[in-house]
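Given next are the chains, with one letter for each unit.
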Amino acid sequence: MGKKGREIVEVDVEELLKELNGAYADEWIAFFYYTWAKDFVEGPDYPTVASELDRISKEEFEHMSELADRIYELGGEPERDLEDLQEMATCKKVAFPKNERDLEGVLNAVADAEACAIDVYNELLKKLSPCYDRDARTFHLIEHILSEEIQHEEAFENLLEKKRR
Ligand SMILES: [Fe+2]
Ligand SMILES: [Fe+2]
């Protein structure tokens, strides 16, 4: 980040970098599992579920990349060790059913993963919000990601509801 860009940040940068790296790890994990699941699903309704998983996995990838940009701007480095990524993540695993035709099971698993992401970003936003102007750039980034995680949960829950009808 440029000199002035760093000067205006008035938060504990080390602590924030830890949080951002944790979220960065969560995004990689979501991207990995959703990408895996889009090829795993089978059965009559699988095209809709697969295309939603594909669309949302790309947004998780974007989140990961946006977080990496912010980590660099703050003078940090995104985690480069895969094993450490897994360790740092809050939402470590998406527990898919054994049966690839169990689309309800798949949708429940990804809706739970989104709920975990919502908690992570909501907590982070709460930490930043009392004095959001001390790091407005991070605040708005997290706010943007949170709103997309809320949309993801909604999208998966809507598909679940359709399946149950
Ligand atoms: Fe995400
Ligand atoms: Fe998401």
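Given the structure is predicted, the values throughout are model-derived calculations rather than measurements.

> Please explain the layout of surface pockets as it appears in this structure.
If you roll a probe as big as a water molecule over the atoms, it shows you where there is empty space left. Looking at the largest pocket, its volume works out to about 210 Å³. As for the largest pocket, its lining consists of 14 residues, of which V11, D12, L16, K127 and L128 are closest to the centre. Looking at the lining of the largest pocket, the elements that each hand over two or more residues are α2 (13–40) and α5 (103–128). Of the residues contributing to the lining of the largest pocket, the split by class is 7 nonpolar, no polar and 7 charged.

> I would appreciate a short explanation of the coordination of the iron ion (ligand 1) in the present structure.
Metal coordination angles have textbook ideals: 109.5 degrees for a tetrahedral set of four donors and 90 or 180 degrees for an octahedral set of six. Within the protein, E27 (OE), E27 (OE), E60 (OE), H63 (ND1) and E149 (OE) serve as the donor atoms for the iron ion (ligand 1), at 2.0 to 2.3 Å. Written as a sequence motif, the donor residues of the iron ion (ligand 1) are E-x32-E-x2-H-x85-E. A distance of 3.9 Å spans the gap from the iron ion (ligand 1) to the iron ion (ligand 2), which E60 bridges by coordinating each metal. Of this pair, E27 sits in helix α2 while E60 sits in helix α3 (residues 46–73), placing them 33 residues apart in sequence. In this pair, the class of E27 matches that of E60, namely buried.

> For this particular structure, what's the right way to read the coordination of the iron ion (ligand 2)?
Binding of the iron ion (ligand 2) to the protein goes through E60 (OE), E114 (OE), E114 (OE), E149 (OE) and H152 (ND1), at separations of 2.0 to 2.5 Å. Ordering the donors of the iron ion (ligand 2) by residue number gives the pattern E-x53-E-x34-E-x2-H. Residue E60 is classed as buried on the basis of its relative accessible area of 1%. Here E114 falls in the buried class, since its relative accessible area comes to 1%.

Cut-off values and rules
Residues numbered from 1 in each chain as written. Chains lettered and ligands numbered in written order. Predicted model: local features only at pLDDT ≥ 70, side-chain atom pairs only at ≥ 80, totals over all residues. Heavy atoms only, no water. 1 Å grid on protein atoms, 1.4 Å probe; cavity = no way out; pocket = protein on both sides within 12 Å on 5 of 7 lines; lining within 4 Å. Points joined across faces, edges and corners; volume = space filled by probe spheres on them. Helix = DSSP H or I, 4+ residues; strand = E, 2+ residues; numbered from the N terminus. Nonpolar A, V, L, I, M, F, W, Y, C, P; charged D, E, K, R; others polar. Donors = N, O, S within 2.8 Å, 3.2 Å for Na, K, Ca; no water. Buried < 20%, exposed > 50% of the residue type's maximum accessible area, 1.4 Å probe, protein only.

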